[in-house]
Structures are given as structure tokens and as C-alpha cells.
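In case you want the letters, here they are:
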Amino acid sequence: MGDLFSLEGKVSLVTGGNGGIGKGLADGFAMKGSAVVIAARDVDKTAEAVADIKKRFGVKASGIAMDVADPASIKAGIKKALDEYGRIDVLANNAGINIRKMPQDYAVEEWDKIIDINIRGAFLCSQAVYPAMKKQGKGKIINTGSMTSLIGLGKAVPYGVSKMGILSMTYSMALAWARDHIYVNCILPGWIDTPLTKTARRDFPGLTEFVEQRTPMGRWGEPADFMGIAAFLASDASDFITGEYIRVDGGFAQHGNTVSFT
Ligand SMILES: NC(=O)c1ccc[n+]([C@@H]2O[C@H](COP(=O)([O-])OP(=O)(O)OC[C@H]3O[C@@H](n4cnc5c(N)ncnc54)[C@H](OP(=O)(O)O)[C@@H]3O)[C@@H](O)[C@H]2O)c1
């Protein structure tokens, strides 16, 4: 048997893959030989990520300007990737934003923005790749959820709704597309050091130390912590796993005092 984790000959598209967790996922796909398409809004940042992937992993890589809040942009972006590569084997729905405030303070536009990017965008990207994956006879969709897919967070109501939504979407799409051999799974990151959480650290003094103390592994996660899970969920190694979530959180969800006493 060859390498069950190999992604040679595959094409992986990562929304929000030009930095943070998405770049970690993209690196994981490239590490196992997949060509990588980075889809995000900031074309300069995307070009940098593409150049880095080519240099470090020697795979084909390209960038696509895509705004997942815009259905037309999603359609055009997926078409462009298919025109260039002829297939999409892996879709990582990772693009996401947060706006942190108390529930009573959100403007309706802020609610819409979070929902449109974090959940509607992921839905429409999945819809857009479905015909190609069905035709290929196989596909892997990897959604990025959050701890708020499972628990509440007072200053993140719309974000939490979007992340519980993406888990629900994972479950339902996994059922809907199982017989097409399209696998749908979800990664739930803990506290990861990215531009998204840099703003949280700025806004909430003490967060850095809180996370270090509260996380059993004693540290923040890094984008590179997502390379292994990306390779696993994209590869044949996970061919009997669908509709599942996996926490990548350094044990955060299993918190408690036991780590100090045992
Ligand atoms: N960091 C954490 O602790 C943490 C924890 C749990 C879950 N997450 C989730 O992980 C994912 C990645 O977050 P991150 O922490 O890596 O944050 P990040 O560094 O801010 O990355 C967000 C990515 O999404 C892209 N993006 C944002 N809006 C977009 C849009 N409308 N269309 C296309 N791309 C868009 C950004 O690229 P452009 O700006 O160039 O478009 C960027 O690549 C998000 O879904 C987030 O909710 C993060």
C-alpha cells in the first residue's frame, strides 16, 4: 500500500488561505503534494502566500481574488480554479471574521456581514464545487468551526451562530453527499495566534495569559498546528470519516484543575 496520506495529483482550494489558520491548512495540503489554490480578498497577501507555498513545498499553487460574501465572486472564483486545474479535490471553507461586542450593541449590517462571510460563504462555496466533486467521484470538504460551534461566548453572538451553523451544515451535507463520496468534516480550533486573535488580545487585556493558563498544553496554537489535520482530512486516510468534528485546541475543551494536580 502506498502513502495513505498522499495528496499527489490532488487540487485543494482554501478560502482565507493567505494567512492564519487557512495558511496552515494550505501548507498541510501542499506538504503532502497537493496543488493549492488560495482564495481571499487581499491579492498582495495571497501572492505572498502562494510564493511561500511554491518555495517551501515545490507544488503548483495560485491565487484567486474572491470575496465569499459575494455569490458572484464565489461562482467566478471556483470557475477560474476549475478552468486552470480541471478539478477540485479538497475545499477548505476557512474564510471568517468576527466582530466582538455585547449582543445589544450589534448593528444589523454587522450581523449580516458575519453570517454572510462565515456561513453563507461556506455554503455557496460547497454548492459551487459540488458538480465537479460529484463528477470526479470523490471530494473532501473541510470546514473551519470554532469552540463556539459547541459553547457560548458573550461577546460573539453572531459569530457563534455562524460557527454552530457551520457545524450543522457539516452534519447535514455529510449525509446529503455521502453516496457521492463527498466527505464533509469540521475542524474546531481553540485559541490560535493569528491576526484575528491579535485584535482580541488588543481589545481584551489579560487574554494572552488567560489562554496560556487555561489551555492544558500551556500555549496558544499556531497555524502550523493545522498542517497534520489538514493532510489527514483531505487524504484517503480519513475515508470512513464524515460528518465529524475534531477539536484542535491543545486540550482547551477538557479544561479543569486536573492538569495541575495529576
Ligand atoms: N484564531 C483563532 O483563535 C480561531 C479560533 C476558532 C476559529 N477560527 C476560525 O478560523 C478561520 C481563520 O481565522 P484566522 O484566525 O486564521 O483569522 P485571519 O488570520 O484573520 O484569517 C481570516 C482569513 O479569511 C479571509 N477572509 C476574510 N473575509 C473574507 C471574505 N469576505 N472573502 C474571502 N476571504 C475572506 C482573510 O483574507 P482576506 O482578508 O485577504 O480576504 C484571511 O485569509 C476563521 O473562520 C475563524 O473564525 C479562528
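Within every chain, residues take consecutive numbers counted from 1 along the sequence as written. Residue-level local features of this predicted model are given only where pLDDT is at least 70; pairs of side-chain atoms are given and counted only at 80 or more, and the full residue set underlies all totals for whole chains, interfaces and linings.

### Brief notes about the overall build of the chain
Put simply, DSSP H or I for four residues or longer makes a helix, DSSP E for two residues or longer makes a strand, and each gets a number counted from the N terminus. Across its full length, the chain holds nine helices and seven strands. Relative to the globule expectation of 18 Å for 262 residues, the C-alpha radius of gyration of the chain, 18 Å, shows essentially globular dimensions. Burial in this document is a count-based property: other C-beta atoms within 10 Å of a residue's C-beta are tallied, and the residue is buried at 20 or more, exposed at 12 or fewer, or partly exposed in between, with C-beta positions derived from the backbone. For the chain, the residues scored as buried account for 46% of the 262 residues in total. Restricting to contacts in the chain with at least 6 residues of sequence separation, those with at least 24 account for 75%. Only C-alpha atoms enter the radius of gyration; for comparison, a globular chain is expected to reach 2.2 Å times N to the power 0.38, where N is the number of residues. We call two residues in contact whenever the C-beta atoms placed from their backbones are within 7 Å.

### Things to note about the sheet that holds strand 1 (residues 11-15)
Being paired, for any two strands, means DSSP has found at least two bridges between them. Strands sit in the order 3-2-1-4-5-6-7 across an open sheet of seven strands; the sheet is parallel. For this open sheet the edge positions go to strand 3 (61-65) and strand 7 (245-248), each flanked by a neighbour on one side alone. Mean inter-strand twist for the sheet, computed between neighbouring axes without regard to direction, equals 20 degrees. Between the N-to-C directions of two axes lies an angle of 0 to 180 degrees, each axis being a line fitted to C-alpha atoms and, for a helix, fitted only over the stretch in contact. Sitting on the sheet, helix 4 (residues 108-136) touches strand 1, strand 4 (90-93), strand 5 (139-144) and strand 6 (182-189), and the angle it makes with strand 4 is about 175 degrees.

### Side note on the site of the ligand
Residues are classed as near a molecule or strand if the C-beta position derived from their backbone is within 6 Å of it. Looking at the ligand, there are 29 residues lining it, with Gly16, Gly20, Arg41, Asp42 and Gly96 nearest. Within the residue set of the shell around the ligand, elements represented by two or more residues are helix 1 (20-31) and helix 6 (195-203). Partitioning the shell around the ligand into residue classes produces 13 nonpolar, 12 polar and four charged. For this classification, the nonpolar set comprises Ala, Val, Leu, Ile, Met, Phe, Trp, Tyr, Cys and Pro, the charged set comprises Asp, Glu, Lys and Arg, and every other residue, Gly included, is treated as polar.

### A look at unusual backbone geometry
Phi is positive for His181, close to 60 degrees, though the residue is something other than glycine. Structurally, His181 is set in the loop between helix 5 (157-177) and strand 6.

### Some words on the packing of helix 3 (residues 71-85) against helix 4
Here helix 3 crosses helix 4 at 35 degrees, and the two axes come no closer than 10 Å. Judged by the sense of rotation from one axis to the other, the crossing of helix 3 with helix 4 is right-handed. Of helix 4, the residues touching helix 3 (which contributes Pro71, Ile74, Lys75, Ile78 and Leu82) are Gly121, Leu124, Cys125, Ala128, Val129 and Ala132. Broken down by class, the residue content of the contact of helix 3 with helix 4 amounts to nine nonpolar, one polar and one charged. Crossing handedness: left-handed means the near helix sits turned counterclockwise from the far one by under a right angle, and right-handed means the same turn made clockwise.

### Notes on helix 5
Here the expected span of a helix is defined as 1.5 Å times the quantity of residues minus one. The terminal C-alpha atoms of helix 5 lie 30 Å apart, and with 21 residues this matches the ideal 30 Å at 1.5 Å per residue to within 8%. Every buried residue of helix 5 is accounted for by Val157, Pro158, Tyr159, Gly160, Ser162, Lys163, Ile166, Met169, Thr170 and Met173. Close packing links the buried residues of helix 5 with helix 4, strand 5, strand 6 and strand 7.

### Looking at the pairing of strand 4
The alternating pattern of strand 4 places Val90 and Ala92 on one face and Leu91 and Asn93 on the opposite face, and all of these are buried. With three bridges joining them, strand 1 and strand 4 adopt parallel strand pairing. Residue Leu13 lies in a different strand from strand 4, and its bridge partner there is Leu91. With four bridges joining them, strand 4 and strand 5 adopt parallel strand pairing. Residue pairing for strand 5: Ala92 is matched across the bridge by Ile142. Crossovers are marked right-handed if the path from the first strand over the helix to the second runs clockwise, as seen with the strands pointing away from the viewer. A crossover links strand 4 with its parallel partner strand 5, the connecting element being helix 4, and its sense is right-handed.

### Re the environment of Ile53
Here Ile53 lies in helix 2 (residues 43-57). Of the residues examined, Ile53 has 26 C-beta atoms within 10 Å and is grouped as buried. Sequence separation of Ile53 and Gln127 is 74 residues, and the distance between their C-alpha atoms is 27 Å. Once residues lying within four places of it in the same chain are set aside, the contact partners of Ile53 are Ala26, Asp27, Ala30, Val36, Val59 and Ala61.

### A look at the nonpolar core
The term nonpolar core refers to a set of buried Ala, Val, Leu, Ile, Met, Phe, Trp, Tyr and Cys residues connected through C-beta atoms within 7 Å. The biggest cluster of nonpolar side chains holds 67 residues, and the ones touching the most others in it are Ala26, Phe29, Val36, Ile38, Cys125, Val129 and Ala230. Counting residues per element, this core draws most heavily on helix 4, at 11 residues.

### Digging into the environment of Ile187
If you trace the backbone, Ile187 turns up in strand 6. Overall, Ile187 belongs to the buried group, with 24 C-beta atoms counted inside 10 Å. In this structure the C-alpha to C-alpha distance between Ile187 and Asp44, which are 143 residues apart in sequence, comes to 27 Å. In this structure, Ile187 is in contact with Ile142, Thr144, Gly145, Ile229, Ile246 and Val248, ignoring residues within four places of it in sequence.

### What to know about the packing of helix 1 against helix 8 (residues 227-234)
At their nearest, the axes of helix 1 and helix 8 sit 7 Å apart, and the two run at 60 degrees to each other. When the interaxial angle is binned, helix 1 and helix 8 end up oblique. Both helix 1 and helix 8 take part in a crossing whose hand is right-handed. From helix 1, Gly24, Leu25, Asp27, Gly28, Phe29 and Met31 reach across to helix 8, where they touch Met227, Gly228, Ala230, Ala231 and Ala234. When describing relative orientation, an angle under 35 degrees is termed roughly parallel and one over 145 degrees roughly antiparallel, while 65 to 115 degrees is termed roughly perpendicular and anything else oblique.

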